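Now for the letters of each chain:
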Amino acid sequence: AYPVAEGVAKGTFDRGILVCGSGVGMNIAANKVKGIRAVLAHDTYIAKQSRQHGDCNVLCLAGRKLTKAKVNKIVSVWLNTEFSGDPRHLRRINKIEK
């Protein structure tokens, strides 16, 4: 998790995707890196919301709980959803970063 999160935080990568058995370990580890907003998404709703409202830059997935088809849908939605830029979401992100 750390090399991916560090690469995203430094700007080497725009975003990162991490997979482990439950996704929880990768999510916790990625969120330890300053500038990372990692989300553990188990469906397309969470994936979309995490991008639109949270501008999440790392997606974590549960490899043991998701089918290949579901992973493909989640990843597609997450990669193709942009941050809304809404002022209330920007305020929340700024609070998180502090």
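Please refer to the structure placed before this passage.
Residues numbered from 1 in each chain as written. Predicted model: local features only at pLDDT ≥ 70, side-chain atom pairs only at ≥ 80, totals over all residues. Heavy atoms only, no water.

Enquirer: I'd love a proper account of the overall build of the protein, names of residues and values included.
Expert: Regarding its fold elements, the protein presents five helices and three strands. Reading the helices (α) and strands (β) of the protein from amino to carboxyl end gives α-β-α-β-α-β-α-α. For the protein, the C-alpha radius of gyration of 13 Å lies close to 13 Å, the compact-globule estimate for 98 residues. Viewed in the frame of its principal axes, the protein has a C-alpha envelope of about 35 × 25 × 20 Å. Sorting the 98 residues of the protein into buried and exposed places 34% on the buried side. Here the contacts in the protein between residues at least 6 apart in sequence split such that 59% fall between residues at least 24 apart. A total of about 6,000 Å² of accessible surface is found on the protein, and carbon and sulfur atoms cover 54% of it. (Helix = DSSP H or I, 4+ residues; strand = E, 2+ residues; numbered from the N terminus. Rg over C-alpha atoms; globule rule 2.2 N^0.38 Å. Buried < 20%, exposed > 50% of the residue type's maximum accessible area, 1.4 Å probe, protein only. Contact = heavy atoms within 4.5 Å. Areas by Shrake-Rupley, 256 points an atom, 1.4 Å probe, with all protein chains shown as cover.)

Enquirer: Tell me about the packing of helix α3 (residues 44-52) against helix α4 (residues 68-80), and please be specific about residues and values.
Expert: In contact at an axis separation of 8 Å, α3 and α4 are set at 20 degrees when each is read in the N-to-C sense. Taken together, the axes of α3 and α4 lie roughly parallel to each other. In this structure, α3 crosses over α4, and the sense of that crossing is right-handed. Taken together, the residues of α4 that come into contact with α3 (itself represented by T44, A47, K48, S50 and R51) are K73, I74, V77 and W78. When its residues are assigned to classes, the contact of α3 with α4 shows four nonpolar, two polar and three charged. (Axes fitted to C-alpha atoms, helices over the stretch in contact; angles between N-to-C directions. Parallel < 35°, antiparallel > 145°, perpendicular 65-115°, else oblique. Left-handed = near helix turned anticlockwise from the far one by under 90°. Nonpolar A, V, L, I, M, F, W, Y, C, P; charged D, E, K, R; others polar.)

Enquirer: So what about the sheet that holds strand β3 (residues 58-62)? Which residues, and what values?
Expert: In space, the three strands of this open sheet follow the order β1-β3-β2, with parallel pairing throughout. Of all the strands in the sheet, just β1 (16-20) and β2 (38-40) have a single pairing partner and so form its edges. On average, each strand axis in the sheet is inclined to that of its neighbour by 20 degrees, with strand direction left out of account. Of the pairings in the sheet, the one linking β2 to β3 comprises three bridges and is parallel in character. Paired with V39 across the bridge in β3 is L59. Packing against the sheet, α4 makes contact with β1, β2 and β3, and its axis sits at approximately 170 degrees to β3. (Pairing = 2+ DSSP bridges.)

Enquirer: Provide a residue-level description of the packing of aromatic side chains, including the pertinent values.
Expert: This model, assessed by the stated rule, comprises zero aromatic pairs. It is R15 that lies over the ring of W78; its NZ or CZ is 5.2 Å from the centre. The ring of W78 carries the charged tip of R51 above its face, separated from the ring centre by 6.0 Å. (Phe/Tyr/Trp six-rings, centres within 6.5 Å; stacked < 30°, edge-to-face > 60°. Lys NZ or Arg CZ within 6 Å of the ring centre and 35° of its normal.)

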